[in-house]
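# Fold and contact review
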Amino acid sequence: MGKINASHSNYCCESKTFRCNNQQARSHQKILFPHRLSPEMVLSIPDALESTVGNREHPEPSDVLARTLLQIDEGCLVYRAEGNANIVLSLSDNKHVLRLRKSAIATRDGKAVSNVKLERFVKYSEVMSNLFSSCYVPTLKLAHLNTQNLQAFNERLSKTRPVARRDKEIRELDGIIYPDVAFLPNWLYLTRDQDMNQDKIGSTLLSPYQTYCVEIKPKQGWFSYELCDNIPVPGLATGDLRKCRYCFLQYLKLQQKSIAKISKYCPLDLFSGKPIRVLHAVKGLIGAPQNNFKLLKNGKIVYDETREKSVFNRMLKEMFPRDGRTKEERKTFFLNLIKEVLLTDFSSDDTTCDRKLLTIRKDRKKKDRNQLHERGCNASEQHFLPDRCVLREILDVQLLVKSNFMSFDQSKLASSSDSPCQYVDDMYEKYLDYRDDVGYSDASMMSGSFCSEYLSTEEKYQFGATALDCSVMITFRRLMGDRTEEDRLSPEARKHIVVIEGMKFLVKVTITDLDPKSHKHRQKYVDQLAESVSAYRDYMSKLTKR
């Protein structure tokens, strides 16, 4: 990335600065598109970024790095969330988020500490996004954080960050800006009258209900024991150890004290496609969110692993007010809503079918206390996931790990310890060749010849590795009981209406966290799985001695 500079970017794109305060976004501030566009083509930040969110436009591949470089002033930013590698800040326009890389505080010497070049993230996202239907993946843009004093900015930011995450901070000012998928995009509110004033979209069509967003990290949706011949984990395929990778890893995390209890969530339930099992999976995520489930209200996290379960129940009361339902009935409705969204093909026209509620029995806590540890995970002999639903598309890409695992050779992947994602450059060149040779049509990358004929075994594996750790964002807002709102929506927006027992929701599903993985991912996978199985055996050994 080069040396850190608070006023200059490493990317040479024409741009202007977006300034605002924390109380009110000033949408009149302008940005300029790359020099290849005419000077008069100037848009505000909301318009510029919203323009490709609904139906992803496919830019000329050679222009992937010639995108608008947005200059973002620190006063526009509010802390949203963070993971191990990145921190997410929301812009005060409530429509976009800025993601910046984090670095260890110990490296405060003014030098760049990341060995992952940001332009490779952009290239990789350009290719990776084409493995999914365009409705699931938004377009990203490069951005630069303007700050007069980076250390002071970090100190102010730390006041709102979790204590456990403060061992890292922002040292690199170039980042990536995304549409804020915690809110529904404006294009969903476009009416049949395309001349309608865009500034009034939303205010004239929105129902009085709040906007909610659920983030789910589904994790690996297939069994690792099927790879046992190539993984040095004795007994992995035996009957008493038929657990999936996620469920094994729970015991390693418990041993390392990074979680307080074992989750009842199993990805194999979620990816089974069977409605009752999907309900059980979502219920397990709610019961032990860890870093795999979050609930946001109007862009703010209101339930995650740091909150009590009672907070989630209060949110359910707000989602379904004055409807006479009990706590369990509201929870059942919520589970069915998430289940329905995950299993819906939003490219079809039958999404407005009225679905009936499915119910699952309550857990018998004391009687079932040890069943969680003794049971095996249940893989379906066949998948019941509808074509082009979000889970089906993620699983199809995840399976690239399984099909390329045994023949993977790390030495053939163009990378090094100094540049762990160097292979992205080669992959992107092959993507350009593919586009030149066969062109492009929506969702053609997986069904076509790109993966099978253009990519190496190792490159296909890396795609699958990314899908193992991606996130699904489900944004929804309840519609009014009458047809006023629905009738004013465009035909495309109506495909995003989900109806459950007469209650209608406008929904949007987004796949995020499509980052390139290190060339060492496979070795880490093997080592972590072996440690997880060992931790499970240790736990069960202690359990039987009680």
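Taken across its nine residues, strand S7 (residues 96-104) has eight buried, putting it largely inside the fold. Note: strand S6 (residues 86-91) against S7, five bridges, orientation antiparallel. Bridged to Val88 within S7 is Arg99. Sheet analysis places S7 next to strand S10 (residues 174-179), joined by four bridges and oriented antiparallel. Bridging across to S10, His96 finds its partner in Pro179. Pairing of S7 with strand S9 (residues 168-170) involves three bridges; the strand directions are antiparallel. Considered in S9, the bridge of Ser103 is made with Glu169.

With that out of the way, let us pick up the pattern of salt bridges. Two side chains that carry opposite charge are able to pair once their charged atoms sit near each other. Under the counting rule described, the total for this entry stands at 22 salt bridges. Among the salt bridges present, the one from Arg392 reaches Asp387, with a minimum N-O distance of 3.1 Å. One salt bridge in this structure joins Arg392 and Asp396, with 3.5 Å as the shortest N-O distance. Linking Arg392 with Asp396, this pair stays in helix H10 (residues 390-404), spanning four residues, or about one helical turn. Here Asp396 falls in the partly exposed class, since its relative accessible area comes to 32%.

With that settled, consider the packing of helix H4 (residues 245-255) against helix H17 (residues 521-544). For the pair H4 and H17, the least separation of the axes is 7 Å and the interaxial angle reads 70 degrees. Compared by their axis directions, H4 and H17 come out roughly perpendicular. In terms of crossing hand, the pair formed by H4 and H17 is left-handed. Between H4 and H17, the residues in contact are Arg245, Phe248, Leu249, Tyr251, Leu252, Leu254 and Gln255 and Tyr525, Gln528, Leu529, Glu531, Ser532, Val533, Ala535, Tyr536, Asp538 and Tyr539, respectively. Along the lines of polarity and charge, the residues of the contact of H4 with H17 split into eleven nonpolar, three polar and three charged.

For helix H7 (residues 309-319), every residue scored as buried is listed here: Val311, Phe312, Asn313, Met315, Leu316 and Met319. Check the buried side of H7 and you find it contacts strand S11 (211-216), helix H6 (275-287), strand S12 (293-297), strand S13 (300-303), helix H8 (327-342) and strand S15 (471-478).

Looking now at empty space enclosed by the protein. A complete count under the given rule lists four cavities of 30 Å³ or more for this structure. Its boundaries defined by the atoms lining it, the second largest cavity holds a volume of some 50 Å³. Split by residue class, the lining of the second largest cavity holds five nonpolar, one polar and two charged.

Reading the values: the criteria
Residues numbered from 1 in each chain as written. Predicted model: local features only at pLDDT ≥ 70, side-chain atom pairs only at ≥ 80, totals over all residues. Heavy atoms only, no water. Buried < 20%, exposed > 50% of the residue type's maximum accessible area, 1.4 Å probe, protein only. Helix = DSSP H or I, 4+ residues; strand = E, 2+ residues; numbered from the N terminus. Pairing = 2+ DSSP bridges. Salt bridge = Lys/Arg side-chain N within 4 Å of Asp/Glu carboxyl O. Axes fitted to C-alpha atoms, helices over the stretch in contact; angles between N-to-C directions. Parallel < 35°, antiparallel > 145°, perpendicular 65-115°, else oblique. Left-handed = near helix turned anticlockwise from the far one by under 90°. Contact = heavy atoms within 4.5 Å. Nonpolar A, V, L, I, M, F, W, Y, C, P; charged D, E, K, R; others polar. 1 Å grid on protein atoms, 1.4 Å probe; cavity = no way out; pocket = protein on both sides within 12 Å on 5 of 7 lines; lining within 4 Å. Points joined across faces, edges and corners; volume = space filled by probe spheres on them.

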